[in-house]
Amino acid sequence: MLSVALCLSLLATPVVPANLASALAGLPAGGVLTLAPGEVAGSVNIPADGVTLQGSGGTRLRGAVRVGAHVGVTLRGLSLEPGDDTAVDGAQAEGLTVDSCRIAGARIGVALGKGGVVTGCTFSGITQTAIEVGTDGVRVEDNLLIDCGRGRDGAGITLRGGKGALVRGNWLVRSALVVGAVGEATLEANALSGAGIEVGPGAKGVQLALNTIYDAPQAVTLRDGTDNRLLGNWLLDGRFLFGQAVGHEGMGLVLAEHVAGGSADNMVAGNLFQVSGPAVVAQSDSPPTPRKPADPCPLLRRNRFSGNLYDRADSQSTLPVGMLLEGTGRPVPVPTLAAYDQRGLLAQSDPGDLGLLPRWLWITAGDKPALLPSLYDPSCEAPSVRDGVPVGWTPAGGQTSLSTDGDARDGRCALQVVGRGDEPAPIGWRSQRLPVLPGATYGLAAWLRTDDVQPMTDDGGVVVTARWLSVTGEVLGRVVLLGPGELPLLRRGTQPWTDLSSEQSAPEQAAWLEVFAGLDHAKGNVRFDAVSIEQTQPSAPTLTRLPWLAKPGDPPPPPKPKRMQPWRPGWGKVN
């Protein structure tokens, strides 16, 4: 067994990949092993609990990493290409963390066990599923998945069972998100392009909130599940919004059942439908119940619709939905959706009607860039349905909170940080990781207000920084909007709401952008609001909705609802 001193030396001096097997064999529980750049052939077995295996840039493993039943193992900064195998087999492990890894060309990317975490990873070309979950308490956040699970039964992320899973802030390109017989899972603020979300038989208590599903043949499917909630999602396709040919007519919500009564008590509320096909489709293997012959679709009656937005450029007062019955082979129109969603609004709409802003990103996804939109909330008015934390932000040490007292630059809420001055590291809020296109231009902006901030060191005070990360988490560069040497008077004392902004180009090897806002070795109170991270070049396509002709004699469309107007920075302008 290695001594503590030898273990620390392994951390300081990267191990040559050729010596990996012998170094791992002698690694004690809690040991840390750092690999030098190079290639390792064959599979790797984790020997003990609490082991950390990390790359140092350019470390490539050609075989699987088998974690076994060990507890508290961490894999960080590795590049794995195991071929037709599972890249990280941690299905029997507990508390496994896979952070900032690149996984390509595997059958399964990560098989995750109880309490496991996958964050900041990039998956591509996974044949079956990139992240597979079958147990309780897992967390899957801020990952990028490209062309994963393209086969008949494949998916980008698969939740097969367990309770309490959190799937948040992930970016999926042509990679579906599939939920099986799970309970109390939260799927929140994910962005999907080219494939949708399917909540299958046995799912109960699943919350789908603030997700964006773009150009999927079926954006969301609820099939034989009960008590699930679809809240504030944006379901859209390029054919309707931009007049683009996408090869299919996009459907919004597909509500389906194979077992009579199997899909009931689901709530569909506050969603925005911008699709070229039917906004809602009901599918049933059996005809409607004979006890309600006047109701053409009892499946819709057993579920609740409330306050959804249906974007149409015509003035049609009601919106038909589609229904598929056994043997028909085609949608059957149901006369009106108003009967199922009396408070729903039919009009021209945009994501601002949800109180949120759209973010359009061009990212690297195979042979050519892909467009990947998402909802985001610069004004922090949309807390997570899971834990109340502002969507897109994570507390990073110290005393952090979401203030709701109205002392904000925009809306009522702001990010707050209170420092004691004796914290060993910066405290505050860290944004979700944003996938970036190398060489593209990004605008960063924030408003802040300070209250008696007192630096405890020469370089202490308020900090607002961003960092460019490689695909394996290496820091390629930093952007300092506020920090040592930048606007020193704004970093201390009591200051009114003041804006910061900057435009920066991503380095050629950049894969991620991450922002931090908080205090560094200082006591006092600072608030941040209207924090914006947007891709300015290449820009988003111009919105030109497909025309939907009004019928003669139809009344004019109803006025749009009053909505929050989040602050948007004027890039390159000085106010």
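Note that the structure is predicted; figures quoted are calculated from it, not measured. The residue numbering used here restarts from 1 in each chain and proceeds along that chain's sequence as written. Restriction of local features to residues with pLDDT of at least 70 applies here, the model being predicted, together with a cutoff of 80 or more for giving and counting side-chain atom pairs; totals for whole chains, interfaces and linings are based on all residues. Computation of side-chain values covers all heavy atoms of the structure but excludes hydrogens and water.

## Comments concerning the overall build of the chain
Inclusion rule: In this description a helix means any DSSP run of H or I spanning at least four residues, a strand means any run of E spanning at least two, and both kinds are numbered starting from the N terminus. The criterion used for residue contact is that any of the two residues' heavy atoms lie within 4.5 Å. All accessible areas in this document rest on Shrake-Rupley with a 1.4 Å probe, and a residue is counted as covered only by the protein chains that are shown.
In terms of regular secondary structure, the chain is built from four helices and 51 strands. The long-range fraction of contacts in the chain, counting pairs at least 24 apart against all pairs at least 6 apart in sequence, stands at 57%. Accessible surface for the chain amounts to roughly 22800 Å². Of this, 52% is attributable to carbon and sulfur atoms.

## A look at the nonpolar core
What counts, and what does not: Nonpolar core, defined: a set of buried Ala, Val, Leu, Ile, Met, Phe, Trp, Tyr and Cys residues in which side-chain atoms within 4.5 Å join the residues together. The classification of residues rests on relative accessible area computed with a 1.4 Å probe and restricted to protein chains. Under 20% of the type maximum is buried, over 50% is exposed, and intermediate values are partly exposed.
In terms of nonpolar packing, the biggest core is built from 81 residues, with V88, F123, L159 and L187 touching the most fellow members. With residues near it in sequence (within four places) discarded, L187 still touches L159, V167, L177, V179, I197, V206, Q207, L208, A209 and N211.

## Focus: the packing of aromatic side chains
Stated formally: Aromatic contacts are taken between Phe, Tyr and Trp rings whose centres are within 6.5 Å, Trp giving its six-membered ring; a plane angle under 30 degrees counts as stacked, one over 60 as edge-to-face, and the others as tilted.
As enumerated under the stated definition, the model contains five aromatic pairs in all. Note on Y214 and W360: the rings are 6.1 Å apart at their centroids and 85° apart in plane angle, and the pair reads as edge-to-face. With Y214 in strand β26 (residues 212–214) and W360 in strand β39 (residues 357–365), this pair connects stretches of sequence that are 146 residues apart. Relative accessible area serves as the criterion here: at 16%, W360 is assigned to the buried category.

## Some remarks on the sheet that holds strand β34 (residues 304–306)
Under the convention used in this document: At least two DSSP bridges between two strands are needed for those strands to be called paired. For helices, the fitted axis covers only the stretch in contact; all axes are lines through C-alpha atoms, and the angles between them, taken along N-to-C directions, range from 0 to 180 degrees.
One open sheet holds the twelve strands; their spatial order is β1-β4-β7-β10-β13-β16-β19-β22-β25-β28-β31-β34, and the pairing between them is parallel. Looking at strand neighbours, the two that pair on one side only are β1 (32–35) and β34, the edges of this open sheet. Strand-to-strand, the axes of this sheet are offset by a mean angle of 5°, without reference to chain direction. Both strand β22 (residues 186–188) and strand β25 (residues 207–209) contribute to a ladder of three bridges, which runs parallel.

## Considerations on the environment of V51
On the secondary structure map, V51 appears in the loop between β3 (44–45) and β4 (52–55). Using a relative accessible area of 0% as the deciding quantity, one classes V51 as buried. Separated by 24 residues in the primary sequence, V51 and L75 place their C-alpha atoms 8.5 Å from one another.

## With respect to the pairing of strand β9 (residues 86–94)
Inspection of the sheet shows strand β6 (residues 65–66) paired to β9 by two bridges, in the parallel sense. What sits directly across from R66, in β9, is D89. Here β9 runs beside strand β12 (residues 108–114); their pairing, made up of five bridges, is parallel. Bridge pairing in β12 links D89 to A111.

## Here's the deal with the pattern of salt bridges
The cut-off we apply is this: A pair is scored as a salt bridge if a Lys or Arg side-chain nitrogen falls within 4 Å of a carboxyl oxygen belonging to Asp or Glu.
This structure, assessed with the given rule, holds 21 salt bridges. Where E514 meets R433, a salt bridge forms, and the shortest distance between an N and an O atom there is 3.2 Å. Here the residue E514 occupies a position in strand β50 (residues 512–520), and R433 occupies one in the loop between β44 (427–431) and β45 (434–435), the gap between them amounting to 81 residues. Classification of E514 as buried rests on a relative accessible area of 5%.

## Some points on the side chain of D410
What counts, and what does not: Positive charge is attributed to Lys and Arg, negative charge to Asp and Glu, and no charge count is given to His or to the chain ends. Any N or O atom pair separated by 3.5 Å or less is treated as a polar contact, with the protein-specific requirement of one donor-capable and one acceptor-capable atom, and with residues adjacent in sequence counted only for side-chain atom pairs.
Here D410 shows up in the loop between β42 (399–403) and β43 (414–420). One buried charged side chain, D410, makes no salt bridge at all; its nearest oppositely charged neighbour is R409, positioned 5.5 Å away. Looking at D410, its side chain comes within polar contact range of the side chain of S379, at 2.2 Å.

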